[in-house]
Amino acid sequence: MDIAALYERMYFIRRFEETLLDLFAQGKLAGTTHTYIGQEANAVGIIDHLEPERDVVFSNHRCHGHYLAFTDDAFGLLSEVLGKATGTCGGKGGSQHLCKGNFYSNGVLGSIVPVATGIGLAEKRKGTGAISTVFLGDGALGEGVTYESLNMASLWKLPVLFVVENNFYAQSTPIELELAGSIPARGAAFGIEVAELDTTDVAEIHGAARRAVTRIRETGEPYFLVLHTYRFSPHSKGDDNRDPAEIEERRKRDPLKIAGERLEPAEREALEARAEKRLAETVEAAEAAPAATPEAA
Amino acid sequence: MSGAASGHAGQKRCAQVLNEALHEIFDERADVYVLGEDVLDPYGGAFKVTQGLSDRFPERVLTTPISEGGMFGVAAGMSLRGLRPILEIMFGDFIALGFDQIVNGISKFREMYDDQVEVPLVVRTPMGGRRGYGPTHSQSLEKLLLGVPNICVVAASECHDLGSLLRNAVDDERPVFFVENKLLYGRVNRRPEDGHVGELGLRESAGPYPALSFSGTDFSEGVATIVTYGGMVPIVLEAATDLILEHEIFCEVVALSQLLPMELEPVLESVARTGALVTVEEGTLTGGFGAEIAARVSEQAWSDLRRPVQRVAARDGIIPSARPLEDAMLPGVGDVVDAIVALEGVRS
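The rules we used
Residues numbered from 1 in each chain as written. Chains lettered and ligands numbered in written order. Predicted model: local features only at pLDDT ≥ 70, side-chain atom pairs only at ≥ 80, totals over all residues. Helix = DSSP H or I, 4+ residues; strand = E, 2+ residues; numbered from the N terminus. Buried ≥ 20, exposed ≤ 12 C-beta atoms within 10 Å, placed from the backbone. Contact = placed C-beta atoms within 7 Å. Rg over C-alpha atoms; globule rule 2.2 N^0.38 Å. Nonpolar A, V, L, I, M, F, W, Y, C, P; charged D, E, K, R; others polar. Pairing = 2+ DSSP bridges. Expected span 1.5 Å × (residues − 1). Domains from an automatic or database assignment. Axes fitted to C-alpha atoms, helices over the stretch in contact; angles between N-to-C directions. Parallel < 35°, antiparallel > 145°, perpendicular 65-115°, else oblique. Left-handed = near helix turned anticlockwise from the far one by under 90°.

**Comments concerning the overall build of chain A**
Moving on, step 1. Each helix and strand counted, chain A has 11 helices and nine strands in total.
Moving on, step 2. Principal-axis analysis of the C-alpha atoms gives chain A an extent of 50 × 50 × 40 Å.
Moving on, step 3. Expressed as a percentage of its 297 residues, the buried residues of chain A come to 51%.
Moving on, step 4. Look at the contacts in chain A between residues 6 or more apart in sequence, and 75% of them connect residues 24 or more apart.

**Regarding the overall build of chain B**
Moving on, step 1. What chain B contains, in helices and strands, is 13 helices and 14 strands.
Moving on, step 2. For chain B, whose C-alpha radius of gyration is 20 Å, the value lies close to the compact-globule estimate of 20 Å for 348 residues.
Moving on, step 3. Taken along its principal axes, the extent of the C-alpha atoms in chain B is 60 × 45 × 40 Å.
Moving on, step 4. Within chain B, the proportion of its 348 residues that are buried is 55%.
Moving on, step 5. In chain B, once contacts between residues fewer than 6 apart in sequence are set aside, the share between residues at least 24 apart is 75%.

**Topic: the interface of chain A and chain B**
Often the size quoted for an interface is simply the accessible area lost on bringing the parts together.
Moving on, step 1. Facing the 26 residues of chain A at the interface are 24 residues of chain B.
Moving on, step 2. For the side of chain A that touches chain B, the elements supplying multiple residues, two or more each, are α5 (112-126) and α6 (144-155) of chain A.
Moving on, step 3. The residue inventory of the side of chain A that touches chain B, partitioned by class, reads 12 nonpolar, 10 polar and four charged.

**Observations regarding the pairing of strand β4 (residues 132-137) of chain A**
Residue and element names in this part refer to chain A.
Moving on, step 1. β4 sits mainly inside the fold: six of its six residues count as buried.
Moving on, step 2. Alternating positions in β4 separate into two faces, Ser-132, Val-134 and Leu-136 on one and Thr-133, Phe-135 and Gly-137 on the other, with burial throughout.
Moving on, step 3. Relative to β4, strand β1 (residues 56-59) is paired through three bridges, and the arrangement is parallel. By the bridge assignment, Val-56 is partnered in β4 with Ser-132.
Moving on, step 4. Of the strand pairs in this sheet, β4 and strand β5 (residues 160-166) are connected by six bridges, and their pairing is parallel. Each bridged residue has a counterpart across the sheet, and for Ser-132 the counterpart in β5 is Val-160.

**Some thoughts on helix α2 (residues 14-28) of chain B**
All names here are of chain B.
Moving on, step 1. Its 15 residues give α2 an end-to-end C-alpha distance of 21 Å, which sits within 8% of 21 Å, the value for a rise of 1.5 Å per residue.
Moving on, step 2. Taken residue by residue, α2 has Cys-14, Ala-15, Val-17, Leu-18, Asn-19, Ala-21, Leu-22, Ile-25 and Phe-26 as its buried positions.
Moving on, step 3. Here the buried face of α2 lies against β1 (32-36), α3 (53-56) and α8 (162-171).

**Some thoughts on the sheet that holds strand β8 (residues 193-198) of chain A**
Pairing between the strands of a sheet is mediated by backbone hydrogen bonds and can be parallel or antiparallel.
Moving on, step 1. One open sheet holds the seven strands; their spatial order is β2-β3-β1-β4-β5-β9-β8 (chain A), and the pairing between them is mixed. Here the strands that pair on one side only, and so sit at the sheet edges, are β2 (99-100) and β8 of chain A.

**A look at the domain arrangement of chain B**
All names here are of chain B.
Moving on, step 1. Entries for chain B in the domain assignment read domain 1 (3-184) and domain 2 (196-341).
Moving on, step 2. Once you take the C-alpha centre of each, domain 1 and domain 2 turn out to be 25 Å apart.
Moving on, step 3. Listed as interface residues are 32 residues of domain 1 and, on the opposing side, 28 residues of domain 2.
Moving on, step 4. Every element with two or more residues in the side of domain 1 that touches domain 2 is listed here: α1 (3-6), α7 (142-145), β5 (152-156), α8 and β6 (175-181).
Moving on, step 5. In terms of residue count, the dominant contributor to the side of domain 1 that touches domain 2 is β5 (five residues).
Moving on, step 6. Across the side of domain 1 that touches domain 2, the residue classes tally to 14 nonpolar, 13 polar and five charged.

**Here's the deal with unusual backbone geometry**
Moving on, step 1. Cis rather than trans, the peptide bond between Asp-41 of chain B and Pro-42 of chain B has omega equal to 10 degrees.
Moving on, step 2. Following the sequence through the fold, Pro-42 of chain B ends up in the loop between β1 and α3.
Moving on, step 3. With an omega dihedral of -10 degrees, the bond running from Leu-260 of chain B to Pro-261 of chain B counts as a cis peptide bond.
Moving on, step 4. Within the fold, Pro-261 of chain B resides in the loop between β12 (258-260) and α10 (265-274).
Moving on, step 5. A positive phi angle is found at Asp-72 of chain A, which is not glycine, with a value near 60 degrees.
Moving on, step 6. Position of Asp-72 of chain A relative to the elements: it lies in the loop between α3 (64-71) and α4 (74-81).
Moving on, step 7. Judged by the 13 C-beta atoms lying within 10 Å of it, Asp-72 of chain A falls in the partly exposed class.
Moving on, step 8. Despite not being glycine, Arg-130 of chain B shows a phi value in the positive range, around 70 degrees.
Moving on, step 9. Here Arg-130 of chain B shows up in the loop between β4 (121-127) and α7.
Moving on, step 10. With 18 C-beta atoms packed within 10 Å, Arg-130 of chain B lands in the partly exposed category.

**Let's talk about the packing of helix α1 (residues 3-25) of chain A against α3 of chain A**
Residues and elements named next belong to chain A.
Moving on, step 1. Two elements in contact, α1 and α3, have axes separated by 10 Å at closest approach and are oriented at 135 degrees. Put simply, α1 runs oblique to α3. When the axes of α1 and α3 are compared, the crossing they make is right-handed. Here Arg-9, Phe-12, Ile-13, Phe-16 and Glu-17 of α1 come into contact with α3, specifically with His-64, Gly-65, Leu-68 and Ala-69.
Moving on, step 2. When the residues that make up the contact of α1 with α3 are grouped by side-chain class, the tally is five nonpolar, two polar and two charged.

**Side note on the environment of Met-1 of chain A**
Residues and elements named next belong to chain A.
Moving on, step 1. Considering the arrangement of structural elements, one finds Met-1 in the segment before α1.
Moving on, step 2. Look at Met-1 and you get exposed, because 12 C-beta atoms sit within 10 Å.
Moving on, step 3. Between the C-alpha atom of Met-1 and that of Phe-70, which follows or precedes it by 69 residues, the distance is 17 Å.
Moving on, step 4. Every residue in contact with Met-1, bar those within four places of it in the chain, is listed here: Ala-203 and His-206.

**Examining the pairing of strand β9 (residues 212-215) of chain B**
Residues and elements named next belong to chain B.
Moving on, step 1. Alternating positions in β9 separate into two faces, Leu-212 and Phe-214 on one and Ser-213 and Ser-215 on the other, with burial throughout.
Moving on, step 2. Alignment of strand β8 (residues 200-204) against β9, held across four bridges, turns out to be antiparallel. The partner of Arg-203 across the bridge, within β9, is Ser-213.
Moving on, step 3. In this sheet, strand β11 (residues 251-256) lies alongside β9 in antiparallel orientation, the contact comprising four bridges. Looking across to β11, one finds that Phe-214 is bridged to Val-253.

This is the structure:
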């Protein structure tokens with residue numbers, strides 16, 4: 001595990017998302033976005049084990065972190081969110097509806113889970129050895145189709161990695177008002193191997209993800225990885241009514257802080273400077289890119 | 001001229017034709033899969049259309065849990081990754097469980113991902129009543145699909161080349177909803193002989209999902225056009241024959257098989273000759289097939305119309321289980337005849 005590389009990826013995602021919120025504040029972005037601030041260790045720790053040329057990722061409305069970790073295509077994402085013709089989907093998809101290579105995302109909760117299951121089925125039948133990874137949150141556990149998918153993935157022994165990022169809120173609704181019972185038991189009930197982590201330490205997540213990916217590669221069967229996490233940012237933009245004290249308490253477990261403390265200060269500064277430079281160049285290029293127009297479409 | 005009586009000797013029943021087409025498709029294409037409830041042999045599907053497939057292709061026929069929403073998503077995922085799933089939804093009523101996948105996934109992926117993907121898949125499903133199955137197993141819900149952009153809706157009738165329609169649906173790069181009226185399965189696939197089906201002359205439009213145009217008078221002298229599809233086709237043909245024999249009224253009948261994108265040209269051509277249009281569908285009246293046709297023909301052929309477009313459809317209500325109540329709910333031969341006879345000026 002290259003902690004420096006993981007840190008740089010997490011840092012870049014963090015700063016990318018903060019930049020999006022800034023651009024919104026400046027009125028340069030329209031529409032909506034759901035930032036991944038606070039959850040970066042999940043995407044980075046898991047996706048480091050996937051092969052973008054072979055494996056498939058299906059993500060949800062909060063997909064920027066997964067997209068950047070899997071494709072490293074910051075310009076395509078930023079220009080997509082900015083409504084530019086150079087966006088990964090030509091400006092048609094926007095923040096929640098991305099597609100590049102083996103990466104897909106869609107904006108209806110739960111809706112992506114059977115699609116990812118079907119992808120696992122296709123890859124298994126084609127004999128590619130690919131893993132279909134789907135990211136869902138605690139909110140998507142309220143959707144019935146999620147359970148239909150767990151059932152089929154287990155029944156048909158499909159190579160699907162279900163990652164539940166429990167950030168304890170479904171938009172503004174705290175988990176105690178939206179979810180009964182146990183999250184890991186939901187996977188276990190379908191006979192799927194489960195791992196549960198309550199950490200924001202990318203090293204721990206990286207290790208758990210290695211075990212999950214290795215198991216799926218060996219068995220060809222599904223795996224249910226539960227990660228308890230937290231988002232520091234609002235659900236989308238200004239819609240945050242959580243207790244600020246709660247958020248401050250959680251910031252003590254900021255994944256950047258935990259990983260950053262393991263780096264030499266000089267190395268950390270250099271990585272951050274490199275990420276900042278890349279981000280600034282990306283913003284400049286995306287802002288300069290031509291807007292998506294009906295003619296171009 | 002009712003279907004069973006006028007079936008040509010040697011012609012096969014529609015379920016068998018569809019079944020044979022599936023076998024041929026599986027022989028020809030290794031990327032085609034069937035998913036559905038109870039599709040395995042020896043059962044072979046609730047209407048027996050998949051019979052024999054799982055014995056021959058066990059790896060490519062998947063019997064599923066009763067999870068229609070999930071099945072639509074699974075089919076979408078398979079399609080995104082290069083396979084060609086044929087999803088059998090046991091009763092058309094159950095597509096309601098898949099609407100999120102249809103509206104927010106299957107129909108959207110290609111365009112919202114900027115043409116980076118295609119979603120070729122076929123959803124085969126029986127629609128329609130007249131079997132006493134009651135409110136949730138008898139509906140014709142295809143009209144709900146007609147407002148969904150970027151999908152293709154095909155409705156087979158017993159006069160169409162059913163095998164060709166199904167093969168073309170599987171070869172299509174778009175998501176295709178392939179609607180099979182339940183009564184179709186047991187009826188003979190009445191293909192034309194010498195350009196006729198029964199006493200009626202027939203023209204077939206080009207394309208993968210042709211429209212069939214029928215006339216008893218060689219496409220002249222018709223005073224009204226009746227446009228319909230699917231399970232209403234034999235009923236409308238019977239009505240057209242009754243109108244000739246009992247009222248001396250000659251109509252042209254257009255039986256579409258491609259409902260979406262709507263194929264209007266054969267309808268417009270016929271209306272240009274007849275000057276009147278009646279739409280006939282088994283689904284409920286409001287917001288349906290007939291409403292869309294009426295709007296489009298009014299926009300495009302107002303000057304050809306001598307009188308307002310009329311619609312024949314099911315009453316806006318449930319389909320009751322008891323047969324006399326069901327019969328009263330669904331449009332029949334008499335309703336079509338009445339609608340034509342009532343057209344102002346049609347009886348000269």
